[in-house]
Amino acid sequence: MIKTTLWLCLCLVLPLQATTVFENRDIPLIDNRFRLDHSIDKATFLLYRTPGSPAAILVRPDGSKIYAWDVPKNVSWLETDELDIVTIANPMRGPWQAVAENKGRNRVRILSEVELTTDPIPHQLYQGERLKITARLSTKGERIDLELMLKEALMNIALMRQQLSDDQQVEIRRLELGKFYDDGKNYDEYPDDGIFTTHVKLEARPGKYEMVISTLNQVFTRAQRSPVLIYPNPVAIKVMSPKDEERQARMALVIDTDELKPESVVISGKVYNNVGWEQAFQTYATSEQFTVDLPTPKEQGRYRVMGTLLATTLQNREIVIDLPEEDFVILPPPPPPPKVVAPIPVKVEDPGMSLWLIILLSVSGFLILVGSAFGFIWWRKRKAFAEALKGAREASETSVTAEPKMDEAGGLKMPPE
């Protein structure tokens, strides 16, 4: 409850100017244009402008203009520093235009027999909530029977929020939620009965807004405004991918007990992928924190989880919220562990001479023997050659020693003449 009170206080201090000027039936001026039909008795234009700028100008359907300094008898013009309030009694029917600055703040307020009423809009809403909207068109408190007025009546639902621009000027941001007809299709129950019924999804950030429900066609335009507070999603979710050893995806949920009754929470959803596989699941809350086992496929790939929350708030309001989608991944299964192979005993044979070893030794011995024989022959020839050479040298030396000496020359006899 304390959390809710703090959030409410925070939203209340957000800027929402001119709340004393706007009424819940004021209609935003889109592009400063508006159509006034024959049933309107009085119309009041609320035209904002930059301080110090000239007053706005209104252009009638016939092209004639209404100025702040020159107004006819059926027009009253109140000019302030930031706002022109122009009230016109029995205005000319057709499309009107305002020549004025427009940052989403300009409005028109009408007094007419044709009214747009809506079922009460809850002041406190939630992000992602599906909200049923029922609006009715009536004249003098009774349902409109004129089919022409309802044939092309388009109902529009939008959220509008004030914020400061870069130049510190207040701007209105508009978020469209949906458009629908009184045609008996989708959520609308009966065609052309003056009752518009639909569901919208509040895909907006938490904060303070104005919900504008408006209808328009070629005949008239009406609107209904309601201030709302959009709270954060009251249930936080987290999807966990399966682990290798478990192969089971899970979703953890935490319920905000300051907003919801935990025993009333029901989660309905499905797990799916982009190739056509899907499987639904449903679970009930067992406490404010609990875990859900999700349908987990065996095939690897990426899968998404979508869900819808059905619950009761502490104010006993039944709500339906679309939970934000999450995803998880199925990884390929881990490879099987390697098989343990028992060692094969190796039989060691008794050592012995193999055939190849015998052949190798035989060839080696033969080569050694042949090499030794050739070596011995070569050595013998070398030795014989050396002895012959030595003998030749000795013979040469003996021949030189045997020549006659000079002192023995006289003893030689000369041959006779």
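Please refer to the structure higher up on the page.
Residues numbered from 1 in each chain as written. Predicted model: local features only at pLDDT ≥ 70, side-chain atom pairs only at ≥ 80, totals over all residues. Heavy atoms only, no water.

## Looking at the nonpolar core
Among soluble globular proteins, nonpolar side chains are generally buried collectively. By size, the foremost hydrophobic cluster in this structure holds 28 residues, and its most contacted members are Met251, Leu294, Leu309 and Phe328. Looking at this core, the elements that each hand over two or more residues are strand E18 (221-231), strand E19 (235-240), strand E20 (250-255), strand E21 (266-272), strand E23 (289-293), strand E24 (301-312) and strand E25 (318-330). Examining the composition of this core, we find that five residues originate from one element, E25, more than from any other. Leaving out residues up to four positions away in the same chain, Leu309 has contacts with Pro234, Val235, Leu260, Val265, Val266, Ile267, Ile319, Val320, Ile321 and Leu323. Leu36, Ala55, Trp77 and Ala98 belong to the second largest nonpolar core, which has 24 residues in total. (Core = buried A, V, L, I, M, F, W, Y, C linked by side-chain atoms within 4.5 Å. Buried < 20%, exposed > 50% of the residue type's maximum accessible area, 1.4 Å probe, protein only. Helix = DSSP H or I, 4+ residues; strand = E, 2+ residues; numbered from the N terminus. Contact = heavy atoms within 4.5 Å.)

## Remarks on the pairing of E25
Alignment of E24 against E25, held across eleven bridges, turns out to be antiparallel. The partner of Leu310 across the bridge, within E25, is Val320. Here E24 folds back onto E25 in antiparallel fashion, the turn holding five residues, of which Asn316 has a positive phi close to 65 degrees. (Pairing = 2+ DSSP bridges.)

## Points about the packing of aromatic side chains
Enumeration over the complete set of coordinates arrives at six aromatic pairs. Ring geometry for Phe180 against Phe196: centres 6.3 Å apart, planes inclined by 65 degrees, an arrangement best described as edge-to-face. Here the residue Phe180 occupies a position in strand E15 (residues 170-181), and Phe196 occupies one in strand E16 (residues 195-201), the gap between them amounting to 16 residues. With respect to burial, Phe180 and Phe196 carry one shared label: buried. (Phe/Tyr/Trp six-rings, centres within 6.5 Å; stacked < 30°, edge-to-face > 60°.)

## Details of the environment of Gly269
Among the secondary structure elements, Gly269 is positioned in strand E21. With relative accessibility at 13%, the residue Gly269 sits in the buried group. Once you skip the residues sitting within four places of it in the chain, Gly269 turns out to touch Ala280, Phe281, Met306 and Gly307.

## Brief notes about the sheet that holds E25
As summarised here, the arrangement of the four strands in space is E22-E21-E24-E25, forming an open sheet in which the pairing is antiparallel. Because the sheet does not close on itself, it has two edges, and the strands there are strand E22 (278-284) and E25. Ignoring which end each strand starts from, the neighbouring axes of this sheet average 15 degrees apart. Pairing of E21 with E24, which is carried by seven bridges, proceeds in the antiparallel orientation. Bridge assignment links Val271 to a residue of E24, and that residue is Val305. (Axes fitted to C-alpha atoms, helices over the stretch in contact; angles between N-to-C directions.)

## Section: the side chain of Asn156
As for its position among the elements, Asn156 is in strand E14 (residues 154-164). A distance of 3.1 Å separates a polar atom in the side chain of Asn156 from a polar atom in the side chain of Glu176. With residues near it in sequence (within four places) discarded, Asn156 still touches Arg174, Glu176, Gly178, Lys179, Val212, Ile213 and Ser214. (Polar contact = N/O pair within 3.5 Å; in protein donor to acceptor, adjacent residues only side chain to side chain.)

## Comments concerning the sheet that holds strand E5 (residues 65-66)
The pairing of strands in a sheet happens through backbone hydrogen bonds and is either parallel or antiparallel. Taking strand neighbours across the sheet as the criterion, the four strands line up as E2-E8-E4-E5 in an open arrangement whose pairing is antiparallel. In the strand order of this sheet, the two ends are held by strand E2 (33-36) and E5, each with one partner. Summarising the sheet, strand E4 (residues 57-59) and strand E8 (residues 94-99) pair through three bridges and their orientation is antiparallel. In the sheet register, Ile57 faces E8, and the bridge partner there is Val99.

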